[in-house]
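# A structural walkthrough
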Amino acid sequence: MAPPPRDSESSINATPEYHDFIAKLTAYHEKRGTYFDPQPKVGSRLVDLLHLFNIVVDRGGYDKVSDEKLAWRKLGQEFSLGANNLPALAFSLKTAYYKYLAAYEISTIHGKEPPPREILEDTTAKGSGLLTRTLENYTRGRRDTGGLGNDPSDASGDDGTPVRDRNASEDAPTSGGRATRGLRQAPPQRVLFQPDTLPARRTPQQHHTSAPSHNAHSIHTPSHQPPRGASTSYNPSSHPENMSAAVSNYEPRQQIPLPLRPVVTPGNNPVEFARRHEAQKEVGAGTRYGATKGMMLPGNGFDGPNIYIRCLLALRSNIPAEQDYALHHLVKISMERGDKYRFESFPGLAEALLDKLLEVSSLFYDVEWKISYMEDDMNGDQTIDGLSGTSDILQRISKLSQQEVDDNLQAADFQDRLLQINEAGLTLRNMVMLEENAQYVSELYPLRDFLTIALNLPKLDMTVELKHYALDIAEQLTKYMSFEVNDPLYRSLLDQIQSPDRGAILTALRAISRISMNLEESNSLRGVPAAAVQNIIDWTLLYDEDLVHACLDFLYQYTAVVDNVDFMISELQVESLVNQLTRLLLYGARTTEKELPLGRDWKKPAPAEPAPVPKDLLAQLLRLEEPERSSKWLRCLCEEDKDESITQIALWQAYQQRFTQPVHEQGRAALLPAAEFIKGVSTTFADKATAQVQAGPVQKFIIKGIRFRHVPVDLSGEEYSKCLWRNHPSSTIECGEFFMTAEQMYNHILKDHLHAPQLDDGKFQNHNQDYMCLWGKCQRYRETSAAKLSQIASHIKVHLPQKKEAVDPYGPPPAKRIKPSYIIPAPRQTFLFQNTAVDERNDAAGIPLSAVLVLRNLARNLPKTEAEEVAMKSDEKVSLVDRLFKPVEKQLFEIFAHNKSLNLYMSDLLSTIKEA
Ligand SMILES: [Zn+2]
Ligand SMILES: [Zn+2]
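Computed from a predicted model, the values in this text were never measured in an experiment.

### Structural notes on the overall build of the chain
Of regular secondary structure, the chain possesses 38 helices and 15 strands. Burial status across the chain gives 43% buried among its 916 residues. Taking as baseline every contact in the chain between residues at least 6 positions apart, the subset at least 24 positions apart corresponds to 69%. Split by element, the accessible area of the chain, about 49,600 Å² in all, is 51% carbon and sulfur.

What follows is the structure, encoded as C-alpha cells:
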C-alpha cells in the first residue's frame, strides 16, 4: 500500500475524529491497565496520535516499520522533528507509538490479542516482532542476544543510538531503558577476555599462592578447609573474596541455535569417534581436532575464544605451562560457576581432564595409561578400555612395579605434576556436583577406571587429597551406576570401609548406599565382607551423627535384600544392632509436656430461684439508696449468660420480697417502681441483658442474657461459701446460709448447729458431749461420735472455705477476671511427647527415620531367610523376629506412644512384627 500524501503537520489537529480516537484509546488503556498520555511530547512538539497511527498503519504497522532500516527516522523527518538529534527523536517517536498505540494496533487492525504489558508497555521500545512476541520467546530471546552486540532487531538503527557506538553511550539521552538492560546483562564479550598477566612459567611456590582455594596441605588442617564430603554443598561464590573478576563477571554463553555441529568425542559417541579416528588414520592427514577452516581467528574482528574455551584448548595442548594456566582457572571456574559449567557445552573437556588424572599412576608406578576407544587396539597392559571399562584393572595395578617415592620430599617437577593432577581432580569433583554433569560422566567408563586407580594409590600422605576427590566423585556418580559383585570400583569402595580415615569411610559409605538408587533394578549390595558390616554395625554406637547417619543409610539399603539379612543373622551379632536401633529411635528427641482436656467443659443448669442473700451482704445493701441498691443486688445474685433468661416477674418479686419489709422498717425511701427496676437491669449488665417479650401461646416478659447465681458474690465480686450442715443425720436438707470467711462459718456451725456454750469473750467452752458431723455427706463421727467439743471443732475445720487467693495487683482488671461461675472445666491431663527430627513437610527425618526403616526391613525380611527355617526346626521353635524384637517390644510401644514424629513408621513396624 502506497503512503498517501500528507502534510508534515505534527501539531495536533483537533478534529471530532481526533477526539473520538483519543477517547477510544483512553478507554482501551484503562481496560488494559496501562498508562496513557493522550499528548506525548517528542522533542518540543506534541504528537498527534491519530496522525501517527494512520501513517504507521498505512505503512503496514509497527512490526513492518520497525523491520525496515531507518524507517522511524524517515518517519521522524516526515513528522518535522528536525534533523538535530534525529536518531534520539526518532526513538522517542517510536516509543510513543510503542507505548500508546502498538497494543491498540494489534487489537483493532490485526484482530489479535496483544502481548501482556510486562513485555510490551513495561519494556523499552526495542526491536519489532510484537505480533509474535510471547512471554516465552521474548524473555529467552533477550537473554540469547544479550551481550553479543549483533541483535538482528537493531536493524532499524532507531533504538536511540547508532549501532556502532552503543557500548560507549549508555548515558545517551534516550537510552533510559537501555541502562537497566545493561545492568542486568553481562558486559559485551570483548571486554571480558583478560589474558593472564602472570609469567608463563611459574615456580611451585607461586602455584600455592595463585591457587588459594586449594592446596596440598589443607587436608591436614581441616579448620581451613571448606566442609568436606560431597554431600555438603559448598558454594564458594558466597564468599566475595574467592571470586576473581574475570570469572564472576563472565556469563557463559547460552547454547544458541547456530550452525554448530556437535564434536564427536569418546564420551558422547565412542563408536563414531572410533570410526572417524580410523578414517583419519587411513587418510594420514589432518589434525586430530579438525582443521581451522571457518574458525574465527584474531585479527578479523573476533577477539578470541572465551576463557572456558581457552582453558579447554590449553588443557589439551599438552604444554605444561598452558596446562598450569588452564587448571588454575578451571578450578576457579568449576568452584564459582559450578551451576553454569556443563560438560555438555564443552565437548572433550571431560576426556581431557581424565587424561590428566590418569597421569597419576606414572608418578607412583612404572606405567603410562592410554585410553583406547578402538576394539582392535585394546592390547597391552597399559591400555584402558574406553568403551566398556577395564574389568581386570585391580589385577593390573597389583602387578605394577612401584616407584621409589618419598612422602616428605619430592622433586619440583614431581610436585608440579601432582599439583596439576590434583587440580584436575578438584575441577572434576566440583563439576560433578551438578547433577547433569554427574550423569554425563557416569557413562564415561575410563572414569570408573580412574576412580579405581585413585582409590588404590599407595597409602601416602600426598595421595590423600586425590583419594578424597575420587571418593567425592564416586559419591556423586554411584547413583547412576550399577555394579557387578566383582566390579573393581565397587570392591575398592568396600575396601575404604576398612580404612582408618573417617572422611574416607563416610564418603565411601554414602557412595555405596547410593548405588543404583536411580536405577530400576534393586540394589543388592552383595559381597560386602562380614568384617565391614560388623564395623558398620559397631559404628552406630558412636557419638558421631554424620557417621551414624551414613551407617544407617547403608544398613537400610543392605537389609532391604533378604540374602543380606540372612548373611547378617548367620555371621554377625544382630541383637546389639536391634537394641541400638531402638535407642536411636529417640535420637535428638525433644521432650515436651502438653496439657490436654479430657472431654468438654460442662455448664451447670441455671437455678430457677435466686439464692438467699447472706446477712452481712443484706446489711450492706440496705445502707445503699436506689437505684444503686437494686443494681448491686442484681450483680450479687445474677450473672451474664447469653443463652439464659429470667422472667421479669420472678426477678421483680424476688427483689420485692427481700427488701420491701426491711426498707419499710428502717423508714427509708420506697423501692423503685417495677418499670424503673426492669430498665435498671439493662444498665447494670451493660446491655448484655435486655428486656424482651417472648412470643408464644402465652406471652412472656423476660430478661434475656442473665441467669441466677448458684452462690451469691459480695460487693467486690468474691464468692460466698455455703453451709452444708444438715439438721438431722437422715435429712438431705442443708442449712444453706452463706458466709464469706472461714471464721464466720466456724462460729456459725459451733453456735447455731452444735449449740456450744460460749464464754463472755466470745470463745467457746470445751464440753463433754456426743457430737456428730452432719456436714454434707461427711461420714466422720457418724458411727462413733466425738466425745468432746474440741474434737469435733478441730474436725469441722476441714469443711471451712479455703482462704481466698490474694488478688494479683498486676493481673487483669476484675471485670475480666471474673469467669462465668457456671462453667465446670473439663479435667485435664498432661501428656509427655518425645518428638524427633522432622523435615519441612513435617515428615520424620534424620537418624530416627533411618533407624525405624532398618528395623522394619529386618522385621519384614527375617521370616523369609533360611536362618528362620533353621530356627523354627530347632527345639526352641522361637522365630527370629521374636528372638530379636521381644526384648525391645516394650520400648517400641513406648516410643510409638510418645514420639509423634515417627508415629506412622512405628505403627507400620509394630504391625510388621506382629504379623511375623
Ligand atoms: Zn449452717
Ligand atoms: Zn465432717
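### What to know about the pattern of salt bridges
Counted according to the given criterion, the structure contains 26 salt bridges. Taking the shortest distance from any N to any O, the salt bridge between Arg396 and Asp392 comes out at 3.2 Å. Salt-bridge contacts for Arg448 lead to Asp487; the nearest nitrogen and oxygen are separated by 2.9 Å. Taken as a pair, Arg448 in helix 19 (residues 445–455) and Asp487 in the loop between helix 20 (464–477) and helix 21 (488–496) lie far apart in primary sequence, 39 residues in all. Since its relative accessible area comes to 10%, Arg448 is described here as buried.

### Remarks on the coordination of the zinc ion (ligand 1)
Here the zinc ion (ligand 1) is held by Cys723 (SG), Cys735 (SG), His748 (NE2) and His753 (NE2), and the distances to it run 1.9 to 2.3 Å. Here the zinc ion (ligand 1) binds four donor atoms, and the angle range of 98 to 120° at the metal identifies the geometry as tetrahedral. Between consecutive donor residues of the zinc ion (ligand 1), the sequence gaps follow C-x11-C-x12-H-x4-H. Note that Cys723 is positioned in the loop between strand 10 (721–722) and strand 11 (738–739) and His748 in helix 31 (residues 742–753), a separation of 25 residues in sequence. Of the residues examined, His748 reaches a relative accessible area of 5% and is grouped as buried.

### What about the coordination of the zinc ion (ligand 2)?
Protein ligation of the zinc ion (ligand 2) involves Cys773 (SG), Cys778 (SG), His795 (NE2) and His799 (NE2), the donor distances falling in the range 2.1 to 2.3 Å. One can describe the site at the zinc ion (ligand 2) as tetrahedral: its four donor atoms subtend angles covering 103 to 116° at the metal. Here the donor residues of the zinc ion (ligand 2) are spaced in sequence according to C-x4-C-x16-H-x3-H. Residue Cys778 is located in the loop between strand 12 (768–771) and strand 13 (786–788), and its partner His795 is located in helix 32 (residues 789–796); the two are separated by 17 residues in the primary sequence. Exposure remark for His795: the relative accessible area of 12% places this residue in the buried category.

### As for helix 13 (residues 320–336)
The periodicity of an α-helix, 3.6 residues per turn, causes residues three or four places apart in sequence to face the same way. Its 17 residues give helix 13 an end-to-end C-alpha distance of 24 Å, which sits within 8% of 24 Å, the value for a rise of 1.5 Å per residue. Counted residue by residue, helix 13 has 14 buried out of 17 residues, so it is predominantly covered.

### Quick notes on the nonpolar core
Judged by nonpolar contacts, the single largest core of 130 residues is most densely connected at Leu349, Phe450 and Phe885. Per element, the largest residue contribution to this core is nine residues, and it comes from helix 34 (residues 846–861). Once you skip the residues sitting within four places of it in the chain, Leu349 turns out to touch Leu312, Leu315, Leu330, Tyr341, Phe343 and Met431. Listed in part, the 37 residues of the second largest apolar core include Val42, Val47, Tyr98 and Ile106.

### A few points about a nonpolar patch on the surface
A contiguous nonpolar patch, built from Leu596, Leu598 and Phe831 and spanning about 220 Å² of accessible area, is present on the exposed surface. Considering the arrangement of structural elements, one finds Phe831 in strand 15 (residues 828–835). Overall, the relative accessible area of 32% leaves Phe831 in the partly exposed class.

### Describing the packing of aromatic side chains
Geometrically, a pair of aromatic rings is defined through the distance of the ring centres and the angle of the planes. A full pass over the atoms with the stated rule returns 26 aromatic pairs. Relative to Phe53, the ring of Phe21 has its centre 5.3 Å away and its plane inclined at 40°; by these criteria the two rings are tilted. Highlighted residues: Phe21 in helix 1 (residues 16–32) and Phe53 in helix 2 (residues 49–58), separated in sequence by 32 residues. An identical accessibility class is assigned to Phe21 and Phe53; each is buried. With a centroid separation of 5.3 Å and an interplanar angle of 85°, the aromatic rings of Tyr28 and Tyr104 are classed as edge-to-face.

### Re helix 22 (residues 502–513)
Its twelve residues give helix 22 an end-to-end C-alpha distance of 16 Å, which sits within 8% of 16 Å, the value for a rise of 1.5 Å per residue. Within helix 22, the full set of buried residues consists of Gly503, Ala504, Ile505, Leu506, Thr507, Ala508, Leu509, Arg510, Ala511, Ile512 and Ser513. Of the surrounding secondary structure, the elements contacted by the buried residues of helix 22 are helix 20, helix 21, helix 23 (530–539) and helix 24 (545–559). The residue sitting at the N-terminus of helix 22 and contributing the capping side-chain oxygen is Asp501; that oxygen lies 2.9 Å from the backbone nitrogen of Gly503.

### Structural notes on the packing of helix 20 against helix 22
At a closest axis distance of 8 Å, the pairing of helix 20 and helix 22 adopts a crossing angle of 20°. Of the possible angle classes, the one that applies to helix 20 and helix 22 is roughly parallel. As helix 20 runs across helix 22, the sense of the crossing is left-handed. Contacts between helix 20 and helix 22 involve His468, Leu471, Asp472, Ala474 and Glu475 from the first element and Gly503, Ala504, Thr507, Ala508, Arg510 and Ala511 from the second. The residue inventory of the contact of helix 20 with helix 22, partitioned by class, reads five nonpolar, three polar and three charged.

### A closer look at the packing of helix 34 against helix 38 (residues 903–915)
Packing of helix 34 against helix 38 brings their axes to within 9 Å, and their N-to-C directions diverge by 20°. Taken together, helix 34 and helix 38 sit at an angle that is classed as roughly parallel. For the crossing formed where helix 34 meets helix 38, the hand is left-handed. Residue-level inspection shows Leu849, Val852, Leu853, Leu855, Arg856, Ala859 and Arg860 of helix 34 in contact with helix 38, the latter providing Tyr905, Met906, Asp908, Leu909, Thr912 and Ile913. Residue composition of the contact of helix 34 with helix 38, grouped by class: nine nonpolar, one polar and three charged.

### Some points on the environment of Leu75
Mapped onto the elements of the fold, Leu75 is located in helix 4 (residues 71–78). For Leu75, a relative accessible area of 0% corresponds to the buried category. Measuring from C-alpha to C-alpha, the distance between Leu75 and Val65 comes to 9.2 Å, with ten residues separating the pair along the chain. Those residues in contact with Leu75 that lie beyond four places of it in its chain are Leu52, Ile55, Val56, Arg59 and Leu93.

### What to know about the confidence of the model for the chain
For the chain, the average pLDDT comes to 79, and 80% of its residues sit at 70 or higher. Across residues 141–243, confidence stays below pLDDT 50; counting only partners more than four residues off in sequence or on other chains, it has 144 contacts. The model gives residues 285–291 a pLDDT under 50, and that stretch makes five contacts with residues more than four places away or in other chains.

### Some remarks on the sheet that holds strand 8 (residues 690–694)
The three strands lie next to each other as 7-9-8, forming an open sheet whose pairing is antiparallel. Every other strand in the sheet has two partners, leaving strand 7 (638–647) and strand 8 as the edge strands with one partner each. When strand polarity is set aside, the average angle formed by the axes of neighbouring strands in this sheet is 35°. The pairing of strand 7 with strand 9 (residues 700–708) spans six bridges and is antiparallel. Within strand 9, the position partnered with Ser645 by the bridge is Lys704. The strands touched by helix 29 (residues 648–666) within the sheet are strand 7, strand 8 and strand 9, with strand 7 carrying the most contacts at an inclination of about 105°.

### A look at the environment of Tyr587
Turning to its location among the elements, Tyr587 is positioned in the loop between helix 26 (575–584) and strand 5 (590–597). Sequence spacing of Tyr587 and Ile847 is 260 residues, and the spatial spacing of their C-alpha atoms is 6.7 Å. Looking at Tyr587, its side chain comes within polar contact range of the side chain of Glu545, at 3.2 Å.

### Some details on unusual backbone geometry
Omega for the bond connecting Glu626 with Pro627 falls within 30 degrees of zero, at 0°, which places this linkage in the cis form. Mapped onto the secondary structure, Pro627 falls in the loop between helix 27 (615–622) and helix 28 (628–637). With phi around 55°, Tyr781 is a residue other than glycine that occupies positive phi space. Relative to the helices and strands, Tyr781 is located in the loop between strand 12 and strand 13. The backbone of Asn842 sits at a positive phi, close to 65°, despite the residue not being glycine. With respect to the secondary-structure elements, Asn842 resides in the loop between strand 15 and helix 34.

Reading guide: rules and limits
- Residues numbered from 1 in each chain as written.
- Chains lettered and ligands numbered in written order.
- Predicted model: local features only at pLDDT ≥ 70, side-chain atom pairs only at ≥ 80, totals over all residues.
- Heavy atoms only, no water.
- Helix = DSSP H or I, 4+ residues; strand = E, 2+ residues; numbered from the N terminus.
- Buried < 20%, exposed > 50% of the residue type's maximum accessible area, 1.4 Å probe, protein only.
- Contact = heavy atoms within 4.5 Å.
- Areas by Shrake-Rupley, 256 points an atom, 1.4 Å probe, with all protein chains shown as cover.
- Salt bridge = Lys/Arg side-chain N within 4 Å of Asp/Glu carboxyl O.
- Donors = N, O, S within 2.8 Å, 3.2 Å for Na, K, Ca; no water.
- Tetrahedral: all angles 85-135°; square planar, octahedral: opposite > 155°, others 65-115°.
- Expected span 1.5 Å × (residues − 1).
- Core = buried A, V, L, I, M, F, W, Y, C linked by side-chain atoms within 4.5 Å.
- Patch = residues over 30% accessible without salt bridge, like charges linked within 9 Å, V, L, I, M, F, W, Y side chains within 5 Å.
- Phe/Tyr/Trp six-rings, centres within 6.5 Å; stacked < 30°, edge-to-face > 60°.
- Polar contact = N/O pair within 3.5 Å; in protein donor to acceptor, adjacent residues only side chain to side chain.
- Axes fitted to C-alpha atoms, helices over the stretch in contact; angles between N-to-C directions.
- Parallel < 35°, antiparallel > 145°, perpendicular 65-115°, else oblique.
- Left-handed = near helix turned anticlockwise from the far one by under 90°.
- Nonpolar A, V, L, I, M, F, W, Y, C, P; charged D, E, K, R; others polar.
- pLDDT = per-residue confidence, 0-100.
- Pairing = 2+ DSSP bridges.

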